[in-house]
Structure formats: structure tokens, C-alpha cells
Amino acid sequence: MGIAALAAAPLLFVAGCKKEAEPAVEVTVQAEKPEQGPIAEHIIVDAILAPQAQAAIAPKISAPVRKFYVQRGAKVKEGQLLATLENADLTAAALDNKGSYLAAEAAYATATKAQVPEDTQKAELDFAQARANLELNQSILKSRKELFAEGAIPGRDLDTAQAALVQTQAAYDAAATHLESVQKVSREAALKTAQGELTAAEGKLKGADAQLSYSEIRSPINGVVTDKPVSAGETAAAGAALLTVMDTSVLLAKTHLALSVAQQMKVGGEAEIRVPGVADPIAAKVALISPALDAGSTTVEVWLRIDNKNGALKVGTPVKAVIRGRVVAQAWKIPNSAILTAQDGSKSVMAVGADGAAHRKAVTLGVTDGDDVQVLSGLAPSDQVITGGAYGLDEGTKVKIGPADADDNAKPKAGAAAEDN
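Note that the coordinates shown come from a computational prediction; the quantities given were computed from them, not determined experimentally. (Residues numbered from 1 in each chain as written. Predicted model: local features only at pLDDT ≥ 70, side-chain atom pairs only at ≥ 80, totals over all residues. Heavy atoms only, no water.)

## Notes on the overall build of the protein chain
Phase 1: If you tally the helices and strands in the protein chain, you get six helices and 20 strands.
Phase 2: Each of the 421 residues in the protein chain was classed as buried or not, and the buried ones make up 31%.
Phase 3: For the protein chain, the proportion of contacts with a sequence separation of at least 24, taken over those separated by at least 6, is 75%.
Phase 4: Accessible surface for the protein chain amounts to roughly 25,200 Å². Of this, 55% is attributable to carbon and sulfur atoms. (Helix = DSSP H or I, 4+ residues; strand = E, 2+ residues; numbered from the N terminus. Buried < 20%, exposed > 50% of the residue type's maximum accessible area, 1.4 Å probe, protein only. Contact = heavy atoms within 4.5 Å. Areas by Shrake-Rupley, 256 points an atom, 1.4 Å probe, with all protein chains shown as cover.)

## Brief notes about the sheet that holds strand β5 (residues 81–85)
Consider a sheet: its strands pair through backbone hydrogen bonds, and that pairing is either parallel or antiparallel.
Phase 1: Strand order across the open sheet formed by four strands is β6-β5-β3-β8, with antiparallel pairing between neighbours. The sheet terminates laterally at β6 (216–218) and β8 (235–236), the two strands that pair on one side only.
Phase 2: Where strand β3 (residues 63–68) meets β5, three bridges bridge the pair, whose relative direction is antiparallel. From the neighbouring strand, Val 65 faces β5, where its bridge partner is Leu 85. (Pairing = 2+ DSSP bridges.)

## Let's talk about unusual backbone geometry
Phase 1: Residue Thr 298 is not a glycine yet carries a positive backbone phi of 55°.
Phase 2: Here Thr 298 lies in the loop between β11 (282–289) and β12 (300–307).

## Thoughts on the pairing of strand β13 (residues 318–335)
Phase 1: Where strand β2 (residues 35–57) and β13 come together, twelve bridges link them in antiparallel fashion. Paired with Gly 37 across the bridge in β13 is Ala 331.
Phase 2: When strand β10 (residues 270–274) meets β13, the two strands line up antiparallel, connected through four bridges. Within β13, the position partnered with Ile 273 by the bridge is Ala 321.

## Description of the pattern of salt bridges
Phase 1: Scanning all chains against the criterion turns up eight salt bridges.
Phase 2: Close ionic contact of Glu 216 with Arg 218 constitutes a salt bridge, the shortest N to O distance being 3.1 Å.
Phase 3: Glu 216 sits in the partly exposed class, given a relative accessible area of 35%.
Phase 4: The residue Glu 270 makes a salt bridge to Lys 285 at a minimum N-O spacing of 2.8 Å. Placement of the pair is Glu 270 in strand β10 and Lys 285 in strand β11, with a sequence separation of 15 residues.
Phase 5: Using a relative accessible area of 40% as the deciding quantity, one classes Lys 285 as partly exposed. (Salt bridge = Lys/Arg side-chain N within 4 Å of Asp/Glu carboxyl O.)

## What to know about the confidence of the model for the protein chain
Phase 1: For the protein chain, per-residue confidence averages 83 on the pLDDT scale, and 86% of positions sit at 70 or higher.
Phase 2: Note on residues 1–19: pLDDT under 50 across the span, and three contacts to partners over four residues away in sequence or across chains.
Phase 3: Every residue in residues 406–421 is under pLDDT 50, and counting partners more than four places away or in other chains gives ten contacts. (pLDDT = per-residue confidence, 0-100.)

## What to know about the packing of aromatic side chains
Two descriptors summarise a pair of aromatic rings, namely the distance from one centre to the other and the angle between the planes of the rings.
Phase 1: One pass over the structure, following the stated rule, counts one aromatic pair.
Phase 2: Plain terms: the ring middles of Phe 127 and Tyr 172 are 5.2 Å apart, the flat faces sit at 35° to each other, and that makes the pair tilted. Separated by 45 residues along the polypeptide, Phe 127 in helix α2 (residues 88–150) and Tyr 172 in helix α3 (residues 155–213) bring together distant segments of the chain. (Phe/Tyr/Trp six-rings, centres within 6.5 Å; stacked < 30°, edge-to-face > 60°.)

## Digging into the nonpolar core
Phase 1: Ranked by size, the top nonpolar core spans 22 residues in total, and within it Leu 49, Ile 273, Leu 304 and Ile 323 carry the most contacts.
Phase 2: Listing elements by their share of this core, those giving two or more residues are β2, β9 (243–257), β10, β11, β12 and β13.
Phase 3: Ala 63, Leu 82, Ile 221 and Leu 242 belong to the second-largest nonpolar core, a separate cluster that totals 20 residues. (Core = buried A, V, L, I, M, F, W, Y, C linked by side-chain atoms within 4.5 Å.)

## Things to note about the environment of Ala 94
Phase 1: Following the sequence through the fold, Ala 94 ends up in helix α2.
Phase 2: On the basis of relative accessibility, which here comes to 6%, the residue Ala 94 falls in the buried class.
Phase 3: Expressed as a C-alpha distance, the spacing of Ala 94 and Asp 209, which sit 115 residues apart in the sequence, is 5.7 Å.
Phase 4: Other than its neighbours up to four places away in sequence, Ala 94 contacts Leu 205, Ala 208, Asp 209 and Leu 212.

## A word on the environment of Asp 369
Phase 1: Topologically, Asp 369 is positioned in the loop between β17 (364–368) and β18 (372–377).
Phase 2: Relative accessible area serves as the criterion here: at 23%, Asp 369 is assigned to the partly exposed category.
Phase 3: For the pair Asp 369 and Arg 324, spaced 45 residues apart in sequence, the C-alpha separation works out to 8.4 Å.
Phase 4: Residues within four places of Asp 369 in sequence aside, it is in contact with Ile 39, Ala 40 and His 42.

## Some details on the side chain of Asn 97
Phase 1: Take Asn 97: it is sitting in helix α2.
Phase 2: Residues contacting Asn 97, with those up to four places away along its chain left out, are Ala 201, Lys 204, Leu 205 and Ala 208.

## Examining the pairing of β5
Phase 1: The buried count for β5 comes to four of five residues, which makes it a mostly enclosed element.
Phase 2: When β5 meets β6, the two strands line up antiparallel, connected through three bridges. What sits directly across from Thr 84, in β6, is Glu 216.

Below, the structure written as C-alpha cells:
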């Protein structure tokens, strides 16, 4: 054997020994079997806190602000006086219209209690007198006819009695017509005229009083003054907000959800909100599920009702809302950390096989509560599902189940592998 061959033999022997001594790669993972039990869906969305009721109070007239009785942050009650506007001209107009109303009221009283009854009574008396005269002249004419027939009186007396009867008959007819007119037309027309004048005066008075009342700004709701853009002495424009009052004793967390998600909820359902800076979640309930889709986003608006009597929460705060959806009483569930999502959106897990290697299994998922997820198909109750250390594992990689802190020690380092090679 040549010298070169003898020199190369130890190197080949050393290299062969090193290759045979290389240990197999084994990764430590955490795994557990699917657990059966109840699971409730929890939907986590962004929401904004809004007041239960809000009123941007705008005056109906333009006038300078005389005085404010509240400041921002003040608690107010429904009907409470918040501010007054300059109203001297309106006060004078209301006083003038009140005088006109009192005059119309007096005229109505006169017409209904004096004038119309007197006219009716006079017409009735005139009619009664005309009828009495008519009956008297009819009796006189009858008597004179009998006397004339007996030759006791001349014909001239009979003619006089007949002429008097014609006159009294005409007076009777006129009195009867007048009485009927008074009873059916004049009396009703006089009453309507008096009533119309009184109603018109009352309407003007109410209009003047309404204008005067517009100078007093009152709160339409219970709440807190959150905005006061105008100062005393400045002119408040009609229709422009003078004060804003919000009822913050109850807040609404408003959010928008996909239709498929909203259909799983019901009014009164349990929920909670997580507020930045507040350690514990705050209980809430589903107060409204919009019956119609939002035209722009084709989502459903959902409101959560939150008690805020202590005033700790502020309107406009962005929060995380956690809404409880579907509930499954008996579900096979695994930790959410075990789920692997492919680029096409498909879901799978890595499970420890009987050969001690990791194998990928496609799964179909159901309800998730954030920590656990329901598995509808793809796993058996006896499968050991890798819940930690599955990321980056290749199919068939040898694994052993151990605590999480042993994971890093079990994995070969890239530098060491390079040195071995």
C-alpha cells in the first residue's frame, strides 16, 4: 500500500465515525388531547362609546344671550332653565296681545250673556204683543159683524175694525218673521262672530307667549352639559346649537358586524367591553340589532348598553367589545394556539402520531371563544394535538412531548449544525 493511501486511511476512518455518531433531530413540543365541554362564541370588535340620549339645544329665535345658568360639566334635569335671551320686545308684544285677548273675552261675554239674550227676549215680546193685538182685533171684528148684522152699528165701524185687523195681522207677521230670524240666524251669527274674535285674540296671545318662551332655553332631557360654544352677550343664531346636553348615565357601544355574525346574536345577549386604561372588563348587553343593513358597508349596526351611573366612562372612547354569540353545550375543543392557517385560508393542526413524528391534519372548525376553538371534523378524541412548538415543523419531524421550557434546549442550534458539517 502506498504512502498516500496509508495517510488517507485515518481520515476516512475519522470521517466515517463522525457520520455514524450524528444524533437524530428530535423537537420537544407541548400537546394535549381534544377536550369535550361547553363553548360559547365570543366576537371581538372595535366600538365607540356614545350617549344614550343627546340634545343639541338650538334657539328658535335670534337674540343676544342675556345670561347662562349652567356651565360645561353641570348636571341638569329635564325642563331646567339653562339660559335666557334678550326678550324685552317679546314681553311687550305678549302684553299687547294679552290686552286684545281680554277685550275680546269681554266682548264675547257681553254678546253671549247680554246682547244676544236681550235681542231674543225683545223679539219674543214683540211677537207676543203682536199676537195679542191680532187676537183682540179678530174678536172686535167678529163682534162688530154681529152688531152690524143686527143693525146696531153703521158700516163705517165695521170697515174700521176690518182695517185695524189687517194692520195687526201685518204687525204679527213681521214680529213672527223677526223672531224666527233672531232665533235661527241672528243669534247664531252673533255668537259665532263673538267666538271668532275671541279665538283670534287667543291665538295671537298664544303666539306671542310662544315667542316669549323661546327666549328661555330649557333642557329637554336629564344629563350633563358637554358643550357651550356661545358666551353671555353674544348673539345666539336661530337653529345653531347653543348648548349640548348628553345623558351619560347609560352609554351605548356602537359597532358594525357582518350579517352572518349578527344573525347569531339576540337582543339582551351578554357582552363586555374593554376600555383602555381600565383593568377589568365592563359588563354590557346587546340593546339593538339593526333590522336593516347599512347601505354603504352592507353590515349590521349593533348597540351594546353599558351602565355608567358613576360617570367613569367618557363619550367618544374607542373600546374593544366582546359579544357572546352561539353556545354549544357539548363540543370537542382544542386550544386556539394549535390552529395553523395556510395561505388559502384552510385550517390544520399538527398531531403526534404513533411513530413519534408530527403529522399535519386538516380540520373543520366551529365556534371559537378566543382561547379554545370547536373542532367539527378532522380529529379523533385520542389524537395528541400539538399546542406549542408546532410552528415551522415539517411533516414527519420526530417530536417528544415535554414542558415548554425544554423546547429551546431540545432544538439543535444553527451554528452547531454548521460546525458538525
